[in-house]
Amino acid sequence: QVQLVESGGGLVQPGGSLRLSCAASGRTFSRYAMGWFRQAPGKEREFVAATSRSGGATYYADSVKGRFTISRDNVKNTVYLQMNSLKPEDTAVYYCAADLKATRLWLGTEYDYWGQGTQVTVSS
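Keep in mind that what you see is a predicted model, and the values were worked out from it rather than measured. (Residues numbered from 1 in each chain as written. Predicted model: local features only at pLDDT ≥ 70, side-chain atom pairs only at ≥ 80, totals over all residues. Heavy atoms only, no water.)

Visitor: What should I look at first to understand the overall build of the protein in this one?
Guide: On a plain count of helices and strands, the protein comes out with 0 helices and 11 strands. Relative to a compact globule of 124 residues, whose C-alpha radius of gyration would be 14 Å, the protein shows 13 Å and is just as compact. Restricting the contact set of the protein to residue pairs at least 6 apart, pairs at least 24 apart contribute 57%. Surface exposure of the protein reaches about 6600 Å², of which carbon and sulfur atoms provide 47%. Distance from the positive charge centre (14 side chains) to the negative charge centre (10 side chains) of the protein: 5 Å. (Helix = DSSP H or I, 4+ residues; strand = E, 2+ residues; numbered from the N terminus. Rg over C-alpha atoms; globule rule 2.2 N^0.38 Å. Contact = heavy atoms within 4.5 Å. Areas by Shrake-Rupley, 256 points an atom, 1.4 Å probe, with all protein chains shown as cover. Lys, Arg positive; Asp, Glu negative; His and termini not counted. Charge placed at Lys NZ, Arg CZ, Asp CG, Glu CD.)

Written out as C-alpha cells, the structure is:
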C-alpha cells in the first residue's frame with residue numbers, strides 16, 4: 001500500500017507560481033513512475049505531467065509545456081510540480097498518482113495509487 005499526500009495548493013493571481021508537493025509512504029517509491037492529473041469543475045480528469053522512476057524522463061500535456069516542471073526526489077520520497085505563468089484555466093484540483101507498470105503514463109487508468117488532491121485556484 002502506498003499513501004500519497006499532496007500539498008502546496010492555494011489561491012494565486014494569473015501569471016503567478018505555485019509548487020505542489022506529493023509525499024509518498026514506503027521504501028519502494030523509486031519503483032513507481034509518478035504523475036500529476038487535474039480536474040476542473042464540470043470537466044473530466046486530465047493528464048498534466050509525469051516522470052519516470054528515476055526522474056530522468058518527463059512528460060507533459062501540451063497545455064502546460066514550458067510552464068510546468070515535474071521533478072522527484074527519491075531520497076525524500078517526494079514528487080513536485082512547479083507551476084509558473086499560471087492561467088485561470090489551470091484552476092482545478094490537482095492529484096498525484098503512482099504507477100508501478102510505468103507505461104502509458106498519460107492515462108489515469110494506468111495508475112495504482114492516488115492522493116486526495118489539492119485545490120489550485122488562479123484568479124484575480
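Structure shown, so let's carry the discussion forward.
Visitor: Looking at this structure, I do not really get the environment of Leu11. What am I missing?
Guide: Among the structural elements, Leu11 can be located in strand E2 (residues 10-12). With 103 residues separating them in the primary sequence, Leu11 and Trp114 have C-alpha atoms 23 Å apart. Among residues more than four places away in sequence, those in contact with Leu11 are Thr121 and Ser123.

Visitor: Please explain the nonpolar core as it appears in this structure.
Guide: It is characteristic of soluble globular proteins that their nonpolar side chains tend to be buried jointly. Counting 35 residues, the largest nonpolar core has Trp36, Leu81, Met83 and Tyr94 as the members making the most contacts within it. Sorting the residues of this core by element identifies strand E3 (18-24), strand E4 (33-39), strand E5 (46-51), strand E7 (68-73), strand E8 (78-83), strand E9 (92-99) and strand E11 (118-122) as the ones contributing at least two each. Broken down by element, this core gets its largest block of residues, 5 residues, from E9. For Tyr94, the contacting residues outside a window of four places in its chain are Glu6, Leu20, Trp36, Phe37, Arg38, Val48, Phe68, Leu81, Met83, Gly117, Thr118 and Val120. (Core = buried A, V, L, I, M, F, W, Y, C linked by side-chain atoms within 4.5 Å. Buried < 20%, exposed > 50% of the residue type's maximum accessible area, 1.4 Å probe, protein only.)

Visitor: Sorry if this is basic, but what is going on with the state of the cysteines here?
Guide: The bond known as a disulfide is covalent and runs between the sulfur atoms of two cysteines. Per the stated rule, a full pass over the model turns up 1 disulfide. What pairs with Cys22 in a disulfide is Cys96, and their sulfur atoms sit 1.9 Å apart. As the torsion about the S-S bond is roughly 45°, the Cys22-Cys96 disulfide counts as right-handed. In this pair, Cys22 sits in strand E3 while Cys96 sits in strand E9, placing the two residues 74 residues apart along the sequence. A relative accessible area of 0% places Cys22 in the buried class. Residue classification places Cys96 among the buried positions, given a relative accessible area of 0%. (Disulfide = S-S within 2.5 Å.)

Visitor: Teacher, can you tell me more about the sheet that holds E7 here?
Guide: What holds strands together in a sheet is hydrogen bonding between their backbones, with the strands either parallel or antiparallel. The 4 strands are arranged E1-E3-E8-E7 in an open sheet whose pairing can be described as antiparallel. This sheet does not close on itself; its edge strands, each paired only once, are strand E1 (4-7) and E7. Sheet twist, expressed as the average angle between the axes of neighbouring strands with direction ignored, equals 15°. Note that E1 and E3 share 4 bridges and pair antiparallel. Counterpart to Ser7 in the pairing with E3 is Ser21. (Pairing = 2+ DSSP bridges. Axes fitted to C-alpha atoms, helices over the stretch in contact; angles between N-to-C directions.)

Visitor: Sorry if this is basic, but what is going on with the pattern of salt bridges here?
Guide: Side-chain pairing between opposite charges can occur once the charged atoms of the two side chains come close. Counted according to the given criterion, the structure contains 4 salt bridges. Between Arg67 and Asp90 there is a salt bridge, and its shortest N-O distance comes to 2.7 Å. With a gap of 23 residues between them, Arg67 in the loop between strand E6 (58-60) and E7 and Asp90 in the loop between E8 and E9 connect regions that are remote in the sequence. With respect to burial, Arg67 and Asp90 carry one shared label: buried. (Salt bridge = Lys/Arg side-chain N within 4 Å of Asp/Glu carboxyl O.)

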